[in-house]
Protein chains: 2
Amino acid sequence: MSQGNIDVPVQVTEIDPEKLDVCTVLEVINRISGKWAIGILLEAIRGPVRFTELERSVEGISRRMLTLTLRNLERDGLLVRTIYPTVPPRVEYEATAMAKELYQSLNGLLGWAQQHRDDIAAARVAYDAAS
Amino acid sequence: MSQGNIDVPVQVTEIDPEKLDVCTVLEVINRISGKWAIGILLEAIRGPVRFTELERSVEGISRRMLTLTLRNLERDGLLVRTIYPTVPPRVEYEATAMAKELYQSLNGLLGWAQQHRDDIAAARVAYDAAS
DNA sequence: CCGCATCCCGGTCGATACTG
DNA sequence: CAGTATCGACCGGGATGCGG
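Residues numbered from 1 in each chain as written. Chains lettered and ligands numbered in written order. Predicted model: local features only at pLDDT ≥ 70, side-chain atom pairs only at ≥ 80, totals over all residues. Heavy atoms only, no water.

Residues and elements named next belong to chain B. Relative to the assigned elements, E43 resides in helix α2 (residues 37–45). Accessibility expressed as a relative area gives 18% for E43, which makes it buried. When residues no more than four places from it in sequence are discounted, the contact partners of E43 are V49, L54, S57 and V58. (Helix = DSSP H or I, 4+ residues; strand = E, 2+ residues; numbered from the N terminus. Buried < 20%, exposed > 50% of the residue type's maximum accessible area, 1.4 Å probe, protein only. Contact = heavy atoms within 4.5 Å.)

Summing up the model confidence of chain A, the mean pLDDT is 86 and the portion of residues at 70 or higher is 85%. Considering only residues more than four positions removed or in separate chains, one finds that residues 1–14 of chain A, a stretch of pLDDT under 50, has 33 contacts. (pLDDT = per-residue confidence, 0-100.)

Let us now look at the protein's contact with DNA strand C. Residues in close proximity to DNA strand C total 18 residues, the closest being F51(A), T52(A), T67(A), R81(A) and R64(B). Between DNA strand C and R50(A), the relevant distance is 3.1 Å, taken from a phosphate oxygen to a side-chain nitrogen or oxygen of the residue. Note that a phosphate oxygen of DNA strand C is positioned 2.4 Å from one of the side-chain N or O atoms of R81(A). Mapped by element, the contributors of at least two residues to the surface near DNA strand C are α3 (51–57), α4 (63–75) and β4 (90–95) of chain A together with α4 (63–75) of chain B. Class assignment for the residues of the surface near DNA strand C results in eight nonpolar, three polar and seven charged. (Near = heavy atom within 4 Å. Polar contact = N/O pair within 3.5 Å; in protein donor to acceptor, adjacent residues only side chain to side chain. Nonpolar A, V, L, I, M, F, W, Y, C, P; charged D, E, K, R; others polar.)

A separate point is α2(B). Residue and element names in this part refer to chain B. The buried fraction of α2 is high, at nine of nine residues. By the burial criterion, the buried members of α2 are A37, I38, G39, I40, L41, L42, E43, A44 and I45. G47 sits one or two positions beyond α2 and adopts a positive phi of about 150°.

Interaxial distance between helix α2 (residues 37–45) of chain A and helix α1 (residues 22–32) of chain B falls to 10 Å at its minimum, and their mutual angle equals 140°. Accordingly, the angle class assigned to the pair α2(A) and α1(B) is oblique. Between α2(A) and α1(B) lies a crossing whose hand is right-handed. Counted together, I38(A), G39(A) and L42(A) of α2(A) and V22(B), V25(B), L26(B) and I29(B) of α1(B) form the full contact between these two elements. (Axes fitted to C-alpha atoms, helices over the stretch in contact; angles between N-to-C directions. Parallel < 35°, antiparallel > 145°, perpendicular 65-115°, else oblique. Left-handed = near helix turned anticlockwise from the far one by under 90°.)

Okay, the environment of L106(B) next. All names here are of chain B. Examined against the element boundaries, L106 turns out to sit in helix α5 (residues 97–130). On the accessibility criterion, L106 (6% relative accessible area) is buried. The sequence separation of L106 and R117 amounts to 11 residues, and the corresponding C-alpha distance is 16 Å.

This paragraph deals with the protein's contact with DNA strand D. The environment of DNA strand D is made up of 19 residues, and the closest members are K35(A), R64(A), T52(B), R81(B) and Y93(B). At the protein interface, 61% of the atoms of DNA strand D within 4 Å belong to sugar or phosphate. Between a base nitrogen of DNA strand D and a side-chain N or O atom of R64(A), the distance comes to 2.5 Å. Elements represented by at least two residues in the surface near DNA strand D include exactly α4 of chain A together with α3 (51–57), α4 and β4 (90–95) of chain B. Here the surface near DNA strand D gets four residues from one element, more than from any other, and that element is α4(B). Of the residues in the surface near DNA strand D, the class split is eight nonpolar, three polar and eight charged.

Moving on to the packing of aromatic side chains. Two descriptors summarise a pair of aromatic rings, namely the distance from one centre to the other and the angle between the planes of the rings. With the rule as written, the count across this model stands at zero aromatic pairs over all chains. The lysine or arginine in question, R90(A), covers the ring of Y84(A), its NZ or CZ lying 5.8 Å from the ring centre. (Phe/Tyr/Trp six-rings, centres within 6.5 Å; stacked < 30°, edge-to-face > 60°. Lys NZ or Arg CZ within 6 Å of the ring centre and 35° of its normal.)

So, about the nonpolar core. Membership of the largest hydrophobic core comes to 69 residues, with the highest contact counts inside it found for I40(A), L79(A), L109(A), I40(B) and L79(B). The contact partners of L79(A), leaving out residues within four places of it in the chain, are I40(A), L41(A), A44(A), L70(A), L73(A), E74(A), Y93(A), E94(A), A95(A) and T96(A). (Core = buried A, V, L, I, M, F, W, Y, C linked by side-chain atoms within 4.5 Å.)

Next up on the list: the sheet that holds β4(A). Pairing between the strands of a sheet comes from backbone hydrogen bonds, and it takes one of two forms, parallel or antiparallel. All names here are of chain A. Sheet architecture is open: three strands sit in the order β2-β4-β3, paired in antiparallel fashion. Either end of the sheet is taken by a strand with one partner, and the two such strands are β2 (49–50) and β3 (79–84). As judged from the two bridges shared by β2 and β4, these two strands associate in the antiparallel manner. Looking across to β4, one finds that R50 is bridged to E92. Running over the sheet, α2 touches β2, β3 and β4 and is turned about 95° from β4. (Pairing = 2+ DSSP bridges.)

And the structure:
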C-alpha cells in the first residue's frame, strides 16, 4: 500500500449502504465531473478571479469551455458573477459558501485518491497483463 | 447482510487546501462518474453479488453497460470477480477493501448533496428565470 | 477583456441480437 | 446464467472565427 500512515479502524454509522441515495450522489458527481469544473472552482475558492486569469491558470482550457463551465457553475449557485461596468469590461467570479463547503467535502475523496493512486495503477497493469 | 456498520481501516491524512491536486481528484471523479459505477459499487459493498442480481437491482441498466462497468471496476481493483465452474455458470462480484474505503469517503459528498439539493434547485430556477 | 456561434470529431451509451 | 457483437444516436469538448 502507500506510506507509513496510521491505520485507524473506523465504524461507518452515519450512512447505511442500503439507504444511500444513489441519485443524490450522482447529482453531485455529475455536477463536478467534466474536465474543468473542479479546477475552476478551486481557483474561485481562493478568491475572486477574472475570466482571463482563469484562462491562464486553468491549464489547457479553451475560451469556449471556460465560458460554458462558468455558466453551469453559476447556474447551480456555486459561483457568483459580478460585472464591473468599466472600460475595458471587468468580470469577477467568486465561489459561494456552498461551493466552499463542497470543497471541504471533497477532501475525503482526495485523501482516498492519494492513498490508492498507486494501488489502482498496479491493479490496471495486473489486469491488462492477465487479459 | 443488513447491519449498517462496516469496519473499514482508514488512513488519516491532512490535506493542504492550497495544494489540492486537481488531476488526482479528477481521476477519482472520472472513475466513479458514469451512470452506473456507484450503483454497482454500492450493491457489491453490501456483499458478493451475481451478475443477474445486479441486472435486477441496478435500475435501468443494460446487460452491455453492466458488463462494461463491471470490467472497469474490476480493472481498477475495486471489484473482485470470482467464477464458480458450476452448471449453470455462477459469477460473483465483491467489493475490495479499497472500494469500501471509497464508499466511506463518499459520505462527505453525500452529506453536501443532501444539504444543498434544494439550494441548487432554487439557484437553477432563479438563473433560468433571470436569463 | 469577455464571450458567443459554428463546425466537427471521438467517446459513451442504448437497442438489439447472438453465444458458451 | 453470464456474457459478446454490432450499429447508431447523442453529447462533451477542441478549433476557429466574430462581436460588444
